[in-house]
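Observations on the model geometry
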Amino acid sequence: MIHTGTGYGRTLAAGFREAFGGLGRVRHTESIGRVMDPGLGGRIDKAVAAVAEDASAGPVVLAMHEDAAERTLVALREAGVRGTVVGGDALSNDAFVARLRKTPQEKKARALTRNLYVASSLMADSLTGEALNWAESFREDNGSLPSWPAMAAQTSIDVAIKALKRSGVSAARRAGTAGRAPEPGVHEQPGEGGEVPARDDVPRRRAFPAAAGDHGRRPGGKVVSATIQLMPSDTAKGLDAATGIAADRSVRVADQVLVRQQIVSTGFNCNEVSALDTGAETFEADLFPWFRYRGSDDATAVDFVNAADYDVSLGSPVRSSEREGIKYRLYRVTGTFKASLDFHQFPLDRQHLIIALQNHKYSASHVVYLGDRKLLEQDQAEALRSGSDVNSTMDRLSGWKSTGLDLYKATVDSTAALGDPAVTEETPGFYYGQYVADVRQQQHQGHQATNPCAQLSSSGVNGRV
């Protein structure tokens, strides 16, 4: 453990030592003092030497901000420490890894970021819902996706606005003085697009699950979710824990069981969307779904949950590769999908044509599908290009124009026991991870649209709208 003498460094170091104390041993605790004090370089060299001289030192934890972390990491690598380095949330941003990548020698730059991990409450590639929309607006204004502190700040603003709307300004002021929410309620969970119960037992604090970020997996210098996470199970505590541990899918840490969770970078390249049937509420699509993952090939055991027939499946990959343990699989899928259409603005309606996939073997505890960072950062003009012909768009619908493509993860839950006697009313149900492509369609103003109500009537299903 190497930490600075700041409040952040001391607090993070003390918290880690306390948490890790029951699991292992911190062999060295080295302080490099305050960054602004003279002699910082000498203090860093002394701390690094203590680590480099101990062949069994193990992973190195850096409890410090960016400036000190950059200098310390360079010193560690130059001293021959090539093993795992773990940083706190202060290092979980693209700007930090971009600084490391500015090293003139590419080989040296890669050595700095290899085996470098960070802990964060939120990774940009896990955003969904309104959080993803906000992040995209942030990127348009600032040129990059927001860091998790920026997302947390936005969350705090949203919570404050909710408090003001629900309880009035005077009540919110009294609550602020007391250091807690005006009343038990809901807080936005960044990246989930939903709400979770507020914690009233710890004033002024929120507890988010920590995720591990990987600095070294992408040559472009982007922080992404590590391919394997250890996360609390989404089912009852200890439920089938022995089986999970025996199958190497779970591990017992202190008094809890953590599940080995595959993080699957996922993407859709749509070739075309066609044959929208407003009466049957279906459409046809031709697309390239792809997956990049580490570990079990069960990551590709997916169903298309809104397919109109059972013939829609991945089939065999059209391209596959593996590099440094990371597997890549590309598929081509064509078929008919169900759509939930909205005709409230007919004949100038806008429709969302959804294609969603979901793992049919494992819940979200074991497999999560996240958007690839490159896809998250592309503009809409690029996203709407056909995957099979970059010189054309995916538009194949007469009278309609594709106006946008959103790609995001989603979670669906089932609170049913599903026949399992170990699941009770006090334990949560099962959550399943999905990955969604949402193709936005706008009807042309000059198009002579067919009244969907007339189509429904002629189909013998009048009254559905």
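The notes below deal with the structure included here. Everything quoted here is computed from the prediction, not taken from an experiment. (Residues numbered from 1 in each chain as written. Predicted model: local features only at pLDDT ≥ 70, side-chain atom pairs only at ≥ 80, totals over all residues. Heavy atoms only, no water.)

Describing empty space enclosed by the protein
Note the following rule: Here the term cavity refers to a set of points on a 1 Å grid, laid over the protein atoms alone, in which a 1.4 Å probe fits but cannot get out; the term pocket refers to an open set having protein on both sides within 12 Å along at least five of seven lines, with lining residues being those that place an atom within 4 Å of a point. Grid points are joined across faces, edges and corners, and a volume is the space filled by probe spheres set on the points. Only DSSP runs of H or I reaching four residues or more are called helices, and only runs of E reaching two or more are called strands; each is numbered from the N terminus. Put simply, Ala, Val, Leu, Ile, Met, Phe, Trp, Tyr, Cys and Pro go in the nonpolar bin, Asp, Glu, Lys and Arg in the charged bin, and everything else, Gly too, in the polar bin.
Following the criterion strictly, the structure yields three cavities of 30 Å³ or more and no others. Estimated volume of the largest cavity: approximately 120 Å³. For the lining of the largest cavity, the secondary structure elements donating two or more residues are α6 (129–142), α9 (373–376), α10 (380–383) and β20 (400–414). For the lining of the largest cavity, the class distribution of residues is six nonpolar, two polar and four charged.

A word on the packing of helix α3 (residues 66–78) against helix α4 (residues 94–101)
Our working definition: For every element, the axis is a line fit to its C-alpha atoms; helices are fit only across the contacting stretch, and the angle between N-to-C directions ranges from 0 to 180 degrees. In this scheme, a crossing is called left-handed if the near helix is turned counterclockwise away from the far one by less than a right angle; it is called right-handed if the turn is clockwise. By definition, residues are in contact when any of their heavy atoms lie within 4.5 Å.
With their axes 11 Å apart at the nearest point, α3 and α4 run at an angle of 35° to one another. Between α3 and α4 lies a crossing whose hand is right-handed. Judged by residue contacts, E66, D67, A69, E70 and L73 of α3 engage F96, R99 and L100 from α4. Here the contact of α3 with α4 is composed, by residue class, of four nonpolar, no polar and four charged.

Some thoughts on the environment of T29
Tracing the sequence through the fold places T29 in the loop between α1 (7–20) and β2 (30–31). Note: C-alpha distance between T29 and A14 (15 residues apart in sequence) is 9.9 Å. Those residues in contact with T29 that lie beyond four places of it in its chain are M1, H3 and R17.

Quick word on the nonpolar core
Short version of the rule: We define a nonpolar core as any set of buried Ala, Val, Leu, Ile, Met, Phe, Trp, Tyr and Cys residues linked to one another through side-chain atoms lying within 4.5 Å. Categorising residues by exposure relies on relative accessible area from a 1.4 Å probe, with only protein chains included: less than 20% of the type maximum marks a residue as buried, more than 50% marks it as exposed, and the intermediate range marks it as partly exposed.
Counting residues in hydrophobic clusters, the biggest one holds 41 residues, and the most contacted among them are F283, F291, F304, F337 and L353. In this structure, F291 is in contact with V264, S265, T266, T300, V302, L314, K327, Y328, R329, Y331, L357 and Y369, ignoring residues within four places of it in sequence. Among the nonpolar cores identified, the runner-up in size contains 27 residues, and V48, L100, V118 and V223 belong to it.

Describing the packing of helix α2 (residues 40–52) against α3
Geometry of a packed helix pair, given as the angle between the helix axes and the separation of the axes. For the record, the criterion: Any angle between 65 and 115 degrees counts as roughly perpendicular, while under 35 counts as roughly parallel, over 145 as roughly antiparallel, and the rest as oblique.
In contact at an axis separation of 10 Å, α2 and α3 are set at 45° when each is read in the N-to-C sense. As judged from the angle between their axes, α2 and α3 are oblique. Helix-helix and strand crossings are classified by hand; for α2 and α3 the assignment is right-handed. Counting all contacts with α2, which are made through L40, G41, I44, D45, V48 and V51, the residues of α3 involved are R71, T72, A75 and L76. Broken down by class, the residue content of the contact of α2 with α3 amounts to six nonpolar, two polar and two charged.

Observations concerning the pattern of salt bridges
The criterion, for reference: Between Lys or Arg on one side and Asp or Glu on the other, a salt bridge is scored when a side-chain nitrogen of the former is within 4 Å of a carboxyl oxygen of the latter.
Applying the stated criterion across every chain yields a total of 10 salt bridges. A salt bridge links D67 to R99; the shortest N-O distance between them is 2.8 Å. Pair noted here: D67 is in helix α3 and R99 is in helix α4, with a separation of 32 residues, a long-range link. A residue is classified by how much of its surface remains accessible, and D67, at 46% relative accessible area, is partly exposed. Residue D298 is joined to K361 by a salt bridge in which the shortest nitrogen-to-oxygen separation is 3.1 Å. Residue D298 is found in the loop between β13 (282–293) and β14 (302–304), and its partner K361 is found in the loop between β18 (350–359) and β19 (367–371); the two are separated by 63 residues along the sequence. Residue classification places D298 among the buried positions, given a relative accessible area of 16%. Linked by salt bridges that have partners in common, E66, D67, E70 and R99 make up one network.

Some points on the side chain of T227
The test is simple: A 3.5 Å cut-off defines polar contacts: any pair of N or O atoms within that distance qualifies, except that in protein one atom must be a possible hydrogen donor and the other a possible acceptor, and neighbouring residues in sequence count only when both atoms are side-chain atoms.
Turning to its location among the elements, T227 is positioned in the loop between β9 (224–225) and β10 (228–232). Using a relative accessible area of 7% as the deciding quantity, one classes T227 as buried. Within the structure, T227 has its side chain in polar contact with the side chain of R294 (distance 3.1 Å).

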